[in-house]
Each structure stands twice: as structure tokens, then as C-alpha cells.
Amino acid sequence: MKLSILDQSPISTNQTAHDALQESMKLARIGETLGYSRYWIAEHHALPGLACSAPEVMLGYIGANTKNIRIGSGAVLLPYYKPYKVAETYHLLSTLFPNRIDVGIGRAPGGPAEASNALSDNFLENVYKMPDLVKELIKYIDNEESILPASPLPQISPELWMLGTSKKSANFAAENGLAYCFGQFMSDENGEEIIQQYRHSFQPRKKGQKPYVIMALSVICAETTQKAEEIALSSITWQLQNENRKGSRGVPSVDEAKEFQLNPRDQESIERIKKKMIIGNPNEVKSKLIKIQSHVLADEIMIVTITYSPKDKHQSYQLIAEQCIK
């Protein structure tokens with residue numbers, strides 16, 4: 001099974017942002033050692049407990065501290081940026097780290113409305129212009145714009161991806177010949193149906209190109225199911241705190257999570273959050289990943305794991321790799 005890592009660079013309550021970003025670099029190195037195919041880091045703005053607002057900066061740091069693993073953005077929030085600048089940035093990264101760079105494209109705000117307004121005077125307008133922005137970016141990445149190349153031009157262009165959680169994003173990826181990553185961990189939609197639609201509608205933009213799908217899942221694995229459930233309590237409680245606007249201190253420890261005061265509606269929210277996660281021992285996790293992959297026909301599984309302790313996170317990725325990466 002081909003596995004990859006999605007990192008949101010979360011900050012635990014005992015960490016600074018510096019600590020969290022250092023842990024992101026360590027995670028990429030561990031993932032490379034364990035045989036994960038790629039490492040993507042997410043872009044967020046003014047969200048408490050998430051450290052990475054500029055993936056392009058972190059990718060330079062991570063690329064310099066790894067050797068072979070593909071690295072990329074999950075995602076560039078394109079409505080904030082000019083396609084030409086994005087192409088320049090990722091061409092530069094591809095020149096520094098040949099045949100290793102992925103450009104994941106998204107259109108979400110990645111933060112509160114205040115951050116969107118601070119980053120752009122016309123974010124919503126650019127969301128509606130997303131099809132044109134993507135087509136412009138494709139031209140620069142594929143070096144079809146000879147009058148104005150996005151220098152430096154790497155020997156091997158970065159790989160373009162569309163990230164999404166809906167039929168709309170899948171259709172757009174298919175129409176433009178883009179690889180597609182479906183964020184099941186963020187979506188209530190039927191991933192199997194959406195991915196089938198993407199494959200059926202795919203139109204290659206290059207000769208010999210075929211549809212390619214990543215399914216992104218939230219997973220926590222430990223030596224025992226009980227231990228995995230306990231570790232997952234930190235992530236679940238933090239998501240619940242964020243929904244209640246009480247998560248500003250970051251990912252809580254298990255002890256802190258156990259002390260969190262639940263209101264009558266919280267238990268329903270906890271069950272909803274858990275439904276989007278895979279939690280278990282190595283055999284349970286392997287079985288669930290195989291089942292999901294066979295149902296949705298994903299070419300690759302991308303795993304996001306949020307824990308309070310970096311050690312628990314590293315062990316989770318290690319246990320999964322030992323079971324699933326051959």
C-alpha cells in the first residue's frame with residue numbers, strides 16, 4: 001500500500017509554535033525513513049493551535065533536511081495569490097529539490113474572515129475566479145507561457161494536485177487533467193462516489209496521463225485499541241474545543257482532555273468526530289485502510305495524525321508503516 005503524510009503542524013499545550021514547526025521537520029524525516037511516499041504540510045491563517053501559515057517557507061526547510069521523500073503543499077490557498085507568483089515559488093523549490101515537489105491547490109479560506117480580509121481585498125471574488133486562476137497556474141507550471149516564463153524553470157516541473165471535499169472539486173480536477181486528493185477526514189460526502197466520478201470524467205492534459213487519486217484520512221494507531229482510544233481523546237477534545245471556540249491553547253494532553261467539561265450536545269459531536277477517524281491497533285487500522293482503499297479505488301492513502309505527544313504520533317506512523325508499506 002502506498003502511504004503518505006499530511007501534516008497540519010499542530011501546537012500542543014506544552015509547545016510553542018517553534019516547537020511545533022521543528023516537530024514537523026522531524027516528522028518528514030521519520031516518514032522518509034519509514035517509506036512514506038510524500039509529506040504535505042497545510043496552510044492555515046490565524047487559527048489557534050496551528051503553526052504553519054506559509055508552506056512554501058517550511059518546504060524549503062524540510063527539503064533541506066530530507067533526501068528523497070516528495071514534499072508539497074496541502075494546499076496552496078490559491079484565491080489569496082497570483083498564479084504567477086505561486087509558479088515562481090514552486091519552480092524555485094523544484095529547482096532546489098528536483099522531482100520532489102507537489103503543488104496542492106485549494107480554495108478554502110484556511111482561517112477566519114478577518115484573516116481573509118487581511119490577506120486579500122477580494123478573496124470571495126477570487127474564489128469565483130478559481131477556474132481561471134487554476135488554468136493560469138497550469139500554463140505557468142507546464143511552461144506554456146513562453147512570453148513570461150515563471151523562472152527559474154526546473155528540469156522537472158512540480159506535480160499539480162487539486163485538493164477538495166466535494167463533487168465540484170473532483171469535476172474540476174478531472175476537467176483540467178489534475179491529480180486529485182479527496183479530504184475524507186474533513187468531509188461528510190461519499191468519497192467513493194466522488195472518486196468514481198473523477199475517474200470517469202478525467203481528461204488528460206498531457207499525453208499518457210491517467211487519473212490519480214489520494215484519499216486523505218484521520219488515523220491514530222497504537223499498540224492496543226485501548227491505548228489508541230486514549231491518545232485520540234486529545235485530538236477529539238481539541239476539535240470539540242475549536243467548535244466551541246475554546247481551543248486557543250492548542251492540543252490538550254490526555255489528562256487535560258479528560259477534565260474538559262462536556263455539555264449535553266458534546267457527546268453527539270464526539271461521536272460525529274470519531275466517525276471521521278480511524279482509531280485502533282495495527283491490525284485494526286490495516287484492515288480498515290485496505291477496506292477503504294479497495295472500495296474507493298484510491299491509488300494512495302494520505303494520513304493525518306494529531307496527538308498531544310510527538311512520540312505517540314511517530315509511533316502511530318511507524319506501526320502503520322510496518323503493517324502496510326511493503
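In the block above lies the structure referred to throughout.
Rules behind the numbers
- Residues numbered from 1 in each chain as written.
- Predicted model: local features only at pLDDT ≥ 70, side-chain atom pairs only at ≥ 80, totals over all residues.
- Heavy atoms only, no water.
- Buried < 20%, exposed > 50% of the residue type's maximum accessible area, 1.4 Å probe, protein only.
- Helix = DSSP H or I, 4+ residues; strand = E, 2+ residues; numbered from the N terminus.
- Pairing = 2+ DSSP bridges.
- Right-handed = clockwise from strand over helix to strand, strands pointing away.
- Phe/Tyr/Trp six-rings, centres within 6.5 Å; stacked < 30°, edge-to-face > 60°.
- Contact = heavy atoms within 4.5 Å.
- Polar contact = N/O pair within 3.5 Å; in protein donor to acceptor, adjacent residues only side chain to side chain.
- 1 Å grid on protein atoms, 1.4 Å probe; cavity = no way out; pocket = protein on both sides within 12 Å on 5 of 7 lines; lining within 4 Å.
- Points joined across faces, edges and corners; volume = space filled by probe spheres on them.
- Nonpolar A, V, L, I, M, F, W, Y, C, P; charged D, E, K, R; others polar.
- Axes fitted to C-alpha atoms, helices over the stretch in contact; angles between N-to-C directions.
- Left-handed = near helix turned anticlockwise from the far one by under 90°.

(A) Highlighting the pairing of strand 1 (residues 3–7). With respect to burial, strand 1 is a largely interior element, five of its five residues being buried. Where strand 1 meets strand 9 (residues 300–304), three bridges bridge the pair, whose relative direction is parallel. Bridge pairing links Ser4 to Met302 in strand 9. Bridge count for strand 1 against strand 2 (residues 38–41) is three bridges, and the pairing is parallel. Bridged to Asp7 within strand 2 is Ile41. Read as a crossover between parallel neighbours, the route from strand 1 over helix 1 (residues 17–34) to strand 2 is right-handed.

(B) Broad picture of the packing of aromatic side chains. Using the criterion set out here, one finds nine aromatic pairs in the structure. Aromatic pair Trp40 and Trp161: ring centres 5.3 Å apart, planes at 75°, arrangement edge-to-face. Placement of the pair is Trp40 in strand 2 and Trp161 in strand 5 (residues 159–164), with a sequence separation of 121 residues. Each member of the pair, Trp40 as well as Trp161, is classed as buried. Relative to Tyr81, the ring of Tyr80 lies with its centre 6.0 Å away and its plane at 70°, an arrangement referred to as edge-to-face.

(C) Representation of the environment of Asn171. Checked against the element boundaries, Asn171 lands in helix 7 (residues 167–175). A C-alpha to C-alpha distance of 17 Å links Asn171 and Lys206, two positions 35 residues apart in sequence. When residues no more than four places from it in sequence are discounted, the contact partners of Asn171 are Gln197 and Ser201. At 2.6 Å, the side chain of Asn171 forms a polar contact with the side chain of Gln197.

(D) Geometry of empty space enclosed by the protein. Tallied over the entire structure, the rule returns one cavity of 30 Å³ or more. In this structure, the largest cavity spans a volume of roughly 120 Å³. Forming the walls of the largest cavity are 15 residues, and the residues nearest its centre are Pro10, Gln15, Glu23, Pro310 and Lys313. Going through the elements one at a time, helix 1 and helix 13 (310–324) are the ones with two or more residues in the lining of the largest cavity. The residue inventory of the lining of the largest cavity, partitioned by class, reads five nonpolar, seven polar and three charged.

(E) Structural context of the packing of helix 12 (residues 282–296) against helix 13. As a packed pair, helix 12 and helix 13 sit with axes 9 Å apart at the nearest point and diverge in direction by 60°. Here the hand of the crossing between helix 12 and helix 13 comes out right-handed. For the pair helix 12 and helix 13, the contacting residues are Pro282, Asn283, Val285, Lys286 and Leu289 in the first and Leu319, Ile320, Gln323 and Cys324 in the second. When the residues that make up the contact of helix 12 with helix 13 are grouped by side-chain class, the tally is six nonpolar, two polar and one charged.

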